[in-house]
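Structure at a glance
Given next are the chains, with one letter for each unit.
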Amino acid sequence: MKTKKLIIGNWKMYPASLKDAKAKFTAIKKTAGKLANVQTVICPPLVYVSELKKLVTGHRCVVGAQNAWFETEGAFTGEVSIAMLASVGAQYVIVGHSERRATVNGCGESDELINKKVLAGVKAGMTIVLCVGERERDPDGVYLKFITEQIKEALHGVQKKDLKKIVIAYEPIWAIGKNAIHPASPDDALEVSILIKRTLADMHGKDATGIPILYGGSVDAKNAWEFLLKSQVNGLLVGRASLDPKVFGEILKSADQIK
Ligand code: PGA
């Protein structure tokens, strides 16, 4: 059976108004709704999640969240829980994005905290999009060990029955955002998607074979097809290019065509 490509838009802290968010979502949904071979997920800022959920029709274009707290409720000023997001209809939650792991201008999230979020997410019935990736590459391959450890720590204690709720997104930090040093090549992504598959197989044997692997970092309408075709990934995590419905629509259409 052909599995759908999973294309996730991470809107980060954009756009500045609900009106604009609704317009972008509606335009993306129009394209996504026609594509039978793609599962589209839009992760807007948390405050827009329930409003965009109201615009969802069908299953081809749904809403997720970029982050959440692991406790269900409690005295955590300013936080929103995974359970709350699930209750307003979010189906996916990104966990461990490098912008949240960052210690400078980030939130300093540790592997331990990320693991708690993963466990809380599967309990709430959400699909977890776990982000991993190195800050830089070294000739000795230390970065490969680093990524392996990130996966092992984040998935510690996840039971086999919950593996179907896990997605792993490989996002090399050096290739993300407008300050990217240079784009990653499909071969860079291929090397790590193979590593991720091996790591998951070591942890869970053949039960892990269905876990989707995504690539993210400077994906655009020109390079999307190459990653999908050459890097053995099941989809993409798209930042900047997901905010332009026309460009994102092109990415979705190329994903739809790839066998
Ligand atoms: P980018 O961001 O596509 O803008 O590089 C990707 C991400 O951070 O998820």
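Starting from 1, residues in each chain are numbered consecutively following that chain's sequence as written. Side-chain atom pairs in this predicted model are given and counted only at pLDDT of 80 or more, local residue features only at pLDDT of at least 70, and totals for whole chains, interfaces and linings cover all residues. Computation of side-chain values: all heavy atoms of the structure, hydrogens and water removed.

As a further point, take the overall build of the chain. Helical segments are the DSSP runs of H or I of at least four residues, strand segments are the runs of E of at least two, and each set is numbered from the N terminus. Regarding its fold elements, the chain presents nine helices and eight strands. At 17 Å, the chain has a C-alpha radius of gyration in line with the 18 Å of a compact globule built from 259 residues. Seen through its C-alpha atoms, the chain measures out along the principal axes to roughly 50 × 45 × 40 Å. Any residue under 20% of the maximum accessible area for its type is buried, any over 50% is exposed, and the rest in between are partly exposed; the area is computed with a 1.4 Å probe on protein chains only. Across the 259 residues that make up the chain, the buried fraction comes to 52%. The contact rule is simple, with two residues in contact once any of their heavy atoms fall within 4.5 Å. Taking the intrachain contacts of the chain between residues at least 6 apart in sequence as the baseline, contacts between residues at least 24 apart amount to 69%. As presented, the chain carries roughly 12,500 Å² of accessible surface, and 55% of it is formed by carbon and sulfur atoms. When the 36 basic and 27 acidic side-chain charges of the chain are each reduced to a single mean position, those positions are 9 Å apart. Our radius of gyration is a C-alpha quantity, and the globule rule it is checked against amounts to 2.2 Å times the number of residues to the power 0.38. Accessibility throughout is a Shrake-Rupley quantity obtained with a 1.4 Å probe, and a residue counts as covered only by protein chains that appear here. Note that His is not counted, nor are the chain ends; the positive residues are Lys and Arg, and the negative ones are Asp and Glu. Charge positions are represented by NZ for Lys, CZ for Arg, CG for Asp and CD for Glu.

A few words on the state of the cysteines. In protein structure, a disulfide is the covalent linkage between the sulfur atoms of two cysteines. Put simply, a disulfide is two cysteine sulfurs that come within 2.5 Å. The full count for this structure, using the stated rule, is zero disulfides. Counting only cysteine sulfurs, Cys 43 is the nearest neighbor of Cys 61, a cysteine outside any disulfide, at a range of 11 Å. The closest cysteine sulfur to the non-disulfide-bonded Cys 131 is located on Cys 43, 9.4 Å from its own sulfur.

This part covers the pattern of salt bridges. Basic side-chain nitrogens of Lys or Arg form a salt bridge, by our definition, when they fall within 4 Å of a carboxyl oxygen of Asp or Glu. Summed over all chains, the structure comprises 13 salt bridges. For the salt bridge of Glu 109 with Lys 117, the shortest nitrogen-to-oxygen distance reads 2.8 Å. The two residues Glu 109 and Lys 117 agree in class, both being buried. For the salt bridge of Lys 160 with Asp 207, the shortest nitrogen-to-oxygen distance reads 3.6 Å. Taken together, the residues span a long stretch of sequence, with Lys 160 in the loop between helix H6 (142-154) and strand E6 (166-170) and Asp 207 in the loop between helix H7 (186-204) and strand E7 (213-216) at a distance of 47 residues. Owing to a relative accessible area of 46%, Lys 160 belongs among the partly exposed residues under this scheme.

Bringing the site of the ligand into the picture now. If even one non-hydrogen atom of a residue comes within 4 Å of a molecule or strand, that residue is called near it. Every residue close to the ligand is listed here: Asn 10, Lys 12, His 97, Glu 171, Ile 176, Gly 177, Gly 217, Ser 218, Leu 237, Gly 239 and Arg 240. Here a polar contact is taken to be a pair of N or O atoms separated by no more than 3.5 Å, where protein atoms must pair a possible hydrogen donor with a possible acceptor and residues adjacent in sequence count only if both atoms sit in side chains. The contact in question runs from an oxygen atom of the ligand to an N or O atom on the backbone of Gly 239, over 2.9 Å. Protein coverage of the free-state accessible area of the ligand, which is 280 Å², stands at 99%.

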